[in-house]
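Reading the structure
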Amino acid sequence: MSIVAVGINHKTAPVAVREKISFNPDRLSSALQEMLSAVKCREVAILSTCNRTELYLVQEGDFSSTQQRLVQWLENYHKVPSSTILSSLYWHQDQQAVNHMMRVACGLDSMVLGEPQILGQMKQAYSQAKSAGSMSVIMDRLFQRTFGVAKQVRTETEIGASAVSVAFASVNLAKHIFGSL
């Protein structure tokens, strides 16, 4: 048994590809249940935003089998050929998965360093997985610890001191280049 994080984001795929595997919030509960069964994992949470879709799971069996089942499930669920998304997916296992999840929650893996919206989106993914019954002890503890680390990073560093969204950064750049708007 191990923890796996798999995803696609602004660094690995263009918007057109990211849109193909985003999850509709109204169908997320059923997607979580389907994934539990199809991928044969113990626990699962889905983070789906405009810049990323990430699946966090506690797998049963070997990593290679989980990868194959997960790609097949994504292909079937989103009705997108695996060839469209396979090269854009990134995979993390165990400690790397935990580290990745914490980097995301802290805003270290965002288009704009330190953007705070991702933490709220992770909290929403946590709540949805809890409500759907797709999360148990391991993922619950991992998410709780991740939220604690993100809070600590925000309070003990100046990560949020600069531009906190792509729009804000764009306006500031335009002001710098063009002067008065």
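Residues numbered from 1 in each chain as written. Predicted model: local features only at pLDDT ≥ 70, side-chain atom pairs only at ≥ 80, totals over all residues. Heavy atoms only, no water.

Our focus in this paragraph is the pairing of strand β3 (residues 52-59). Counting buried positions along β3 yields eight of eight residues, so the element is predominantly enclosed. The two faces of β3 match: Arg52, Glu54, Tyr56 and Val58 on one face and Thr53, Leu55, Leu57 and Gln59 on the other face are all buried. Pairing analysis gives eight bridges linking strand β1 (residues 2-9) to β3, with the strands arranged antiparallel. Across the sheet, the residue bridging to Asn9 is Arg52, located in β3. Here seven bridges tie strand β2 (residues 41-48) to β3, and the two strands are oriented antiparallel to one another. Its bridge partner lying in β3, Cys41 is registered against Gln59. Adjacent in sequence and paired antiparallel, β2 and β3 are bridged by three residues. (Buried < 20%, exposed > 50% of the residue type's maximum accessible area, 1.4 Å probe, protein only. Helix = DSSP H or I, 4+ residues; strand = E, 2+ residues; numbered from the N terminus. Pairing = 2+ DSSP bridges.)

A few words on helix α5 (residues 95-106). In this model α5 runs 17 Å from its N-terminal to its C-terminal C-alpha over twelve residues, within 8% of the 16 Å that 1.5 Å per residue would give. Taken from the residues just after α5, Gly107 is the one with a positive phi, measuring 85°. (Expected span 1.5 Å × (residues − 1).)

Judged by pairing direction, the sheet is antiparallel, and its four strands sit side by side in the order β2-β3-β1-β4 without closing on themselves. Pairing within the sheet leaves two strands with one partner each, and these edge strands are β2 and β4 (90-93). Within the sheet, the average angular offset between the axes of one strand and its neighbour, ignoring direction, is 15°. Docked against the sheet, helix α2 (residues 28-39) engages β2 and β3, running at close to 140° with respect to β2. The strands touched by α5 within the sheet are β1, β2, β3 and β4, with β4 carrying the most contacts at an inclination of about 115°. (Axes fitted to C-alpha atoms, helices over the stretch in contact; angles between N-to-C directions. Contact = heavy atoms within 4.5 Å.)

All right, on to the packing of α2 against helix α6 (residues 117-132) then. Remark: α2 packs on α6, axes separated minimally by 9 Å, with the N-to-C direction vectors making an angle of 65°. The orientation of α2 with respect to α6, classified from their angle, is roughly perpendicular. The two elements α2 and α6 cross, and the hand of that crossing is right-handed. Residues Leu28, Ser29, Leu32 and Gln33 of α2 form the contact with α6, whose participating residues are Gln128, Ala129 and Ala132. Residue composition of the contact of α2 with α6, by class: four nonpolar, three polar and no charged. (Parallel < 35°, antiparallel > 145°, perpendicular 65-115°, else oblique. Left-handed = near helix turned anticlockwise from the far one by under 90°. Nonpolar A, V, L, I, M, F, W, Y, C, P; charged D, E, K, R; others polar.)

By themselves, these figures tell us nothing about what the structure is for.
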